[in-house]
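Inside the fold
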Amino acid sequence: MVSLGERCSPSGRAGDLAALSELDEAALLSGLRERFLSQDIYTDIGDILIAVNPFQPLPLYGREVSERYQSLQTDSLPPHIFAVAGRAYHAMLGRRGGGPRNQCILVSGESGAGKTESAKLLLQQIMNLCKGNSQLEQQILQVNPLLEAFGNAQTVMNDNSSRFGKYIQLRFQKNIVRGAKLSEYLLEKSRVVQQDAGERNFHIFYYMFAGLSSEEKEIYGLLDPSLYRYVSGQFGTQNVAQRWKDKYQEVCNALDMVGFQEQEQVDMQTILAGVLSLGNVTFDPEESNGPVKVSEASKGWLKAAAGQFGVQEDELLKCLVCTMSVTRGEQIQRFHTQQQAEDARDSIAKMVYGRVFGWIVRKINELLAENVDPEVELREIGILDIFGFENFPVNRFEQLCINLANEQLQHFFNHHIFQMEQAAYKEEGLPWETITFNNNEPILNLLLAKPLGLLSLLDEQSAFPQATDKTFVDKLNSSFKGNLHFQPARGHVLGFSITHYAGKVQYDARGFLEKNRDTLPGNVRGLFISSVTPLLSVLFTATVSRTGTLMPHMKAKIIPGADDKFNSTRKQSVGAQFRHSLMVLMERLYSANPHFVRCVKPNSQKEPGVVDNQMVLLQLQYNGLLETIRIRRDGFSWRPFFEEFAERYAILLVKPGVSLTKESCLEILQSTELKGWICGKSRLFFKYWHQEQLAKCVERLERAAVVIQKVYRGFRCKKSYVKLVAELRAQAQSLQNLAEKERRWHLALEAEAQKRSHFPVPMPRKRHPQPNPHPSDKSQQLPVPRPRSKLKESTPFDNFLDPCVPHPVLRTEEHAGEEAEMRKIRRGATLRWFRETQAEKVVQDDGAFPSWLYGMISRREAENLLHDKPLGCFLVRISQSQPGYILTYRKVVRIWIMKIWSTPC
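All values derive from a computational prediction rather than experimental measurement.

Calculation criteria
Residues numbered from 1 in each chain as written. Predicted model: local features only at pLDDT ≥ 70, side-chain atom pairs only at ≥ 80, totals over all residues. Heavy atoms only, no water. Buried < 20%, exposed > 50% of the residue type's maximum accessible area, 1.4 Å probe, protein only. Helix = DSSP H or I, 4+ residues; strand = E, 2+ residues; numbered from the N terminus. Pairing = 2+ DSSP bridges. Salt bridge = Lys/Arg side-chain N within 4 Å of Asp/Glu carboxyl O. UniProt positions renumbered as here; feature names shortened; annotations may be inferred. Contact = heavy atoms within 4.5 Å. Axes fitted to C-alpha atoms, helices over the stretch in contact; angles between N-to-C directions. Phe/Tyr/Trp six-rings, centres within 6.5 Å; stacked < 30°, edge-to-face > 60°. Lys, Arg positive; Asp, Glu negative; His and termini not counted. Polar contact = N/O pair within 3.5 Å; in protein donor to acceptor, adjacent residues only side chain to side chain.

Burial runs high along strand β20 (residues 885–890): five of the six residues are buried. The turn joining strand β19 (residues 874–878) and β20, which pair antiparallel and follow one another in sequence, is formed by six residues; a positive phi near 150 degrees is taken by G884. Examined bridge by bridge, β20 and strand β21 (residues 895–900) share six bridges and lie antiparallel to one another. Within the sheet, the bridge partner assigned to L887 lies in β21 and is M898.

Given below as structure tokens:
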């Protein structure tokens, strides 16, 4: 492992990539790749730490490692997340050459890059440094399951993606942590009502379905999860359900630890169940000049939602289908269209969930701030774990806000790097001049300027009830015509494109106005304040700050008649709330000394030891690291130490035994006739083109290296090709053998089926004949109907009546003969039908027929067999008249008979 203090060849294995001779995309990727494959997941670029997710546990965070990084001087140690925590902690105490000052650590990266884990490690090391309140540390770490359950969700890129940003402020008195505060930013509330393909709702809904018992689900009014539209009927496998069940128990433990009362937990889960029920309410198209109506199939869901919210069903219905407003003292009722009713339903669901989440954050802050003395001046270390730059196939309002936040952070990043570079020049005693760099302030002005910024225009359009997403896009096209960073969408696409610092992003403008308005029907607030569910009343009584968070320990002033006047135009839009929260965040960051941690996801398959170069490069662009390289190039981008430069370019002197000294470096530079470089105290400073000129001097050696590489790579490719051809041939032969084997198997099956096509027909089951008590008398008497009495010595397999009893003669012998012949023909046809189509289906594995099948017997014989049997006994016989079965069933008064013409299962 190469430590920070060691300087090696420019192969990229140095701990600080900013010290490489070649600082471009190729060198950066090569350095990160080589270090990652050697399990060096941390790399410095100046004062910026790059953390590559290893997707496997590594022995990098034990007690011994933590103690090594607790010293003030860590320059001789390899890059590590603990080193960032140590620099921030000692700088906060004023031990790094300056006075005590608040610090902040910015952790960024795309979903699945390891931001949350990095934030945990930073917090752990800071607690180890101050040796303070370990209980507070455990409390902060234990509320993580709670935040993840309500703020994380499965996306196409990450199964546990944070859908909100959080900023944790650790407050210190001298060197001991005394409290903490959590701030949340831009919860993705739209996920409650809509998820893209392959994504899920917030984890808590699935945890509840998996973790609640049947009795608890009945209490909360929860049914099968496949019935709910807001969770898209997705639930997962049994293993996933068990994992969710365990997660639900963690959430319950966190709720108890934070201090939530039992009734509060019950109310919270009942409200969440109400959100799901509300999502199943649908509407029928409105009639002419009439209100929209709730569909007949969803009236039960409306009733369930009203009960779970603790409000009257008719009042909740009014909030969905109409809007009440007051104009000049007169109440005006406006009926909704079907789309407006659906928007009102979704808006209520989003608002309720957002307030539940804000209430949870407020309760957490009440616990973490209980040991803070307000009269004592405290220092802070803030840890920002926020979403990275996003550019999806479909980008919506949420992506615009997220990318706006990243634009602000990139501007802050550039400002900080600019200052740090000037400090480096001053330290080396360079006569430096102002460095110019690509400032992204024009993009920020495009988004945030007043009154003609994008968010201002969005608020302006949101204030007009008749405005649509199309009018908003038209307004943007006319306002930003000619702006280099704005581009209208082509064709009939309702959208626009913005060229951000990390690239061009095309936004889908559909839903921008509705999401920005976050329309809450006018009388909903008053309805929920009067709810019999205490928690719901508290949530809508609390005051909402300018940043969109719930104000602690405060209640809104209820004015008579104000409930009817409450509508979306009288509250701040989502864009305005996010702009204010971002402004507060930037004020905190600018008042502190920043430290940067850029998390990188090496591959999308979450495989250890695998690096996708294109994916890593894309993330470096989103994190702004390539922009940092450009800033470095505009200054003195190449800053090798004397030893490094002499070792690499000693060959240019064409003599052996060149010493690695400052004098040797000056001799090499004089031989090349380069101009514009500067010699510092310990290193040389070059412009980027100096490397190109020096490259020409060693071009001959590079050509030789290219020839060697060409021959070697050709050999490797040929070897790989031969191996691949052999594998393909073997695979083709294997497939051919498999096909032949399958063909033979099908032939065997057909032969076996043909053999089994001639199954025997079940013969009637006979019984023992009974003696005739008066044979001579009966031969001279006319036949009379035989009473259905219990037969002596009968068995379930008797198939014939007493042969001694003569059959009644009701017709002539000619007619009887014809009828007998017809019966014989029908019986033969039925037997053929059974043998050809039914025998194989009803025969058992042992070759016998089931006990309930009594063959071809008459109705009288079937009745005699069931005459003395218990109620419910039955048998099935083959019809004598036509193909089919007849079921004979023993009831209370008589024997019940039913024909079955379909094939039995």
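Moving on from the coordinates now.
If you walk through the whole model with that rule in mind, you get 22 salt bridges. The salt bridge partner of D385 is K166, with a shortest N-O separation of 3.0 Å. With D385 in strand β12 (residues 379–385) and K166 in strand β6 (residues 165–173), this pair connects stretches of sequence that are 219 residues apart. Across the salt bridge formed by R579 and D459, the nearest N and O atoms sit 3.4 Å from each other. Of this pair, R579 sits in helix α22 (residues 574–590) while D459 sits in helix α16 (residues 454–462), and the two are 120 residues apart along the sequence. Assigned by exposure class, R579 and D459 land together as buried. One continuous salt-bridge network, built from bridges that share partners, spans R163, E188, R191, E199 and E390.

According to UniProt, the feature "binding site: ATP" (unreviewed entry) maps to G109, E110, S111, G112, A113, G114, K115 and T116 in the numbering used here. Here E110 lies in the loop between β3 (103–108) and α4 (115–130). With a relative accessible area of 13%, E110 lands in the buried category. When sequence neighbours within four positions are dropped, the list of residues in contact with E110 reads K115, M157, C599, K601, M615 and Q619. Here G112 shows up in the loop between β3 and α4. Each residue touching G112, except ones within four places of it in the same chain, is listed here: N53, F55, N158 and K601.

Attention shifts here to the sheet that holds strand β14 (residues 495–500). Strand order in the open sheet formed by three strands is β13-β14-β15, with antiparallel pairing between adjacent strands. Unpaired on one side and paired on the other, β13 (486–488) and β15 (503–508) mark the two borders of the sheet. Across the sheet, the axes of successive neighbouring strands diverge by a mean angle of 25 degrees, strand direction being ignored. Bridge analysis of β13 against β14 gives three bridges, and the strand direction is antiparallel. Its bridge partner lying in β14, F486 is registered against I498.

Turning our eyes to something else, we now look at the packing of aromatic side chains. For the coordinates displayed, the defined rule picks out 25 aromatic pairs. Arranged with centres 5.3 Å apart and planes meeting at 55 degrees, the rings of F480 and F486 form a pair that is tilted. For F480, a relative accessible area of 7% gives the class buried. By relative accessible area, which is 6% here, F486 ends up buried.

Before going further, it helps to spend a moment on the side chain of R517. Looking at the secondary structure, you find R517 in helix α18 (residues 512–517). Buried charged residue R517 carries no salt bridge. Nearest counter-charge: E514, at 4.6 Å. Here S462 takes part through its backbone oxygen, which lies 3.0 Å from a polar atom of the side chain of R517. A distance of 2.9 Å separates a polar atom in the side chain of R517 from the backbone oxygen of F464.

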